[in-house]
Amino acid sequence: MDAERGSVRSVPSGVRGPAAPVAGGPRTELPRADAPRTGAPPSGLRRPPARLPGSRRPLPEAPVTGTTSPWILMYHSVAVEKEDPYQLTVSPERFAEQIAWLHRRGRRGVSVRELMRARAAGRAEDLVGLTFDDGYADFARHAVPILQAYGFTATAYVVADLLGRANDWDSEGPRKTLLTVQEVTDLAAAGWEIGSHGLGHQALTGLPADVLAAQTRESRRVLEEVVGGPVTGFCYPYGAVDAAAAQAVRDAGYDYACAIAHSPLTGRFALPRCYVGDRDGAWRLRAKRGRHRLRDTVAELRQRAGKRAGG
């Protein structure tokens, strides 16, 4: 389990060998991420041509206006599981309730790519980032139709070397099928942001420079071939980030990176996020929003104090 939830998932010391391919469910056409709200997800849409960012140049930093970081929610799997020791899974019914709550509160869920661009332009006040770590196949089957019904978008962070396989890094959790190459291609073509979650779901902290470079640059290269265009977002496996990992992500040409907890590195290449689980109803989401703002303020004050101390 990630640090945000009060306990820590076990982090393997190295990358495991690829698991045997896991057969997924039937392939379905994916609705566009920017399709207008219709009240129910459409069916039978043809895959439109990809619409890809025109530039790989880093986005300008937004000015600080009271908070250091935007509000970003961290999901993993949207499915039904009898046992879920890592608490990674949200049922489709609960997920629909959470998205409806955001909508009622006047919030619009967007990809982190869209959120950062809006923030740079001063238009992010009512936006909340929606992220899905690990690239589970149930993102396309269960999350996408619910998000599309509200006109929301999101980012799926996928593990470049394990597409179409399974989450063998979670030794005690349920086996979950990962998105296939074709499903990732379809999602990107339909407008959903695809980001990198490394090559093999390996924690990046403490790794030598050459391994960090491979994890960040090679995963980006692989995914850019899959989506047919730039991949500009990174998400640290297990939320584990240190200064060397953040620098490697920056050097690999990403525009931003998502972590989990607030830390001295909080900023564009270590964006903190709020974990969302199946127990989170309206009041818990409201409390988590308040906690995020408090932690953001503390992190900002500490960063400013550090800058003053450093002269």
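Residues numbered from 1 in each chain as written. Predicted model: local features only at pLDDT ≥ 70, side-chain atom pairs only at ≥ 80, totals over all residues. Heavy atoms only, no water.

Digging into the confidence of the model for the protein chain
Per-residue pLDDT for the protein chain has a mean of 83; in total, 78% of the residues score no lower than 70. Residue range residues 1-28 is modelled with pLDDT below 50. Its contacts to residues more than four positions away, or to other chains, number 60 contacts. Overall, residues 35-67 carries pLDDT values under 50, and its contacts beyond four positions in sequence, including any with other chains, amount to 63 contacts. (pLDDT = per-residue confidence, 0-100. Contact = heavy atoms within 4.5 Å.)

Quick word on helix α3 (residues 138-149)
Every α-helical turn comprises 3.6 residues, leaving residues that sit three or four positions apart pointing alike. Along its 12 residues, α3 runs 17 Å from first to last C-alpha, staying within 8% of the 16 Å computed at 1.5 Å per residue. Extensive coverage of α3 is indicated by the burial of 9 of its 12 residues. D138, F139, A140, A143, V144, I146, L147, Q148 and A149 are the residues of α3 that are buried. Close packing links the buried residues of α3 with β2 (77-78), α1 (92-104), β5 (127-132), β6 (155-158) and α4 (181-189). One or two positions beyond α3, positive phi appears at G151, with a value near 75°. (Helix = DSSP H or I, 4+ residues; strand = E, 2+ residues; numbered from the N terminus. Expected span 1.5 Å × (residues − 1). Buried < 20%, exposed > 50% of the residue type's maximum accessible area, 1.4 Å probe, protein only.)

Points about helix α5 (residues 209-227)
For α5, spanning 19 residues, the distance from its first C-alpha to its last is 27 Å, which sits close to the expected 27 Å at 1.5 Å a residue. Three or more residues of α5 are buried, namely L212, Q215, T216, S219, R220, V222, L223, E224, V226 and V227. Each element contacted by the buried residues of α5 is listed here: β6, α4, β7 (193-196), β8 (233-235) and α6 (243-251).

Thoughts on the nonpolar core
Judged by nonpolar contacts, the single largest core of 55 residues is most densely connected at F95, L130, F132, F139, L147 and Y236. Put simply, the parts of the chain that give this core at least two residues each are β1 (72-75), α1, β5, α3, β6, α4, α5 and α6. Ranked by the residues each element gives to this core, the list is headed by α3, at 6 residues. The contact partners of F139, leaving out residues within four places of it in the chain, are F132, V144, L147, A154, A156, L187 and W192. By size, the runner-up hydrophobic cluster in this structure holds 13 residues, among which are V112, L115, C235 and L271. (Core = buried A, V, L, I, M, F, W, Y, C linked by side-chain atoms within 4.5 Å.)

Let's talk about the pairing of β6
Across the two faces of β6 the burial is the same, with T155 and Y157 and A156 and V158 all buried. With respect to chirality, the unit in which β5 leads through α3 into the neighbouring parallel β6 is right-handed. Bridge count for β6 against β7 is 4 bridges, and the pairing is parallel. If you follow T155 over to β7, its bridge partner there is E193. Note that the unit made of β6, α4 and β7 has a crossover that is right-handed. (Right-handed = clockwise from strand over helix to strand, strands pointing away. Pairing = 2+ DSSP bridges.)

What about the packing of α5 against α6?
Their axes nearest at 9 Å, the elements α5 and α6 cross at an angle of 45°. Overall, the two elements α5 and α6 adopt an arrangement that is oblique. Taken as a pair, α5 and α6 cross one another with a handedness that is right-handed. Here L212, T216 and R217 of α5 come into contact with α6, specifically with A244, A245, A248, V249 and D251. Across the contact of α5 with α6, the residue classes break down as 5 nonpolar, 1 polar and 2 charged. (Axes fitted to C-alpha atoms, helices over the stretch in contact; angles between N-to-C directions. Parallel < 35°, antiparallel > 145°, perpendicular 65-115°, else oblique. Left-handed = near helix turned anticlockwise from the far one by under 90°. Nonpolar A, V, L, I, M, F, W, Y, C, P; charged D, E, K, R; others polar.)

Here we look at the pattern of salt bridges
This model, assessed by the stated rule, comprises 10 salt bridges. A salt bridge links D133 to R273, with the shortest nitrogen-to-oxygen separation between them at 2.7 Å. Residue D133 is located in the loop between β5 and α3, and its partner R273 is located in the loop between β9 (256-258) and β10 (274-275); the two are separated by 140 residues in the primary sequence. Residue D168 is joined to R175 by a salt bridge in which the shortest nitrogen-to-oxygen separation is 3.4 Å. (Salt bridge = Lys/Arg side-chain N within 4 Å of Asp/Glu carboxyl O.)

With respect to the packing of aromatic side chains
Under the criterion given, the structure shown has 8 aromatic pairs. With a centroid separation of 5.1 Å and an interplanar angle of 85°, the aromatic rings of Y75 and F95 are classed as edge-to-face. Of this pair, Y75 sits in strand β1 while F95 is found in helix α1, placing the two residues 20 residues apart along the sequence. What makes F95 buried here is its relative accessible area of 0%. Relative to F132, the ring of Y75 lies with its centre 5.2 Å away and its plane at 15°, an arrangement referred to as stacked. Placement of Y75 in strand β1 and of F132 in strand β5 is noted, with a sequence separation of 57 residues between them. Residue classification places Y75 among the buried residues on the basis of a relative accessible area of 1%. Ring pairing ties together the aromatic residues Y75, F95, F132, F139 and W192, which thus form one cluster. Here the guanidinium or amino end of K176 rests over the ring plane of Y136, the centre of that ring lying 5.9 Å away. Sitting above the plane of the W283 ring, R284 keeps its charged end 5.9 Å from the centroid. (Phe/Tyr/Trp six-rings, centres within 6.5 Å; stacked < 30°, edge-to-face > 60°. Lys NZ or Arg CZ within 6 Å of the ring centre and 35° of its normal.)

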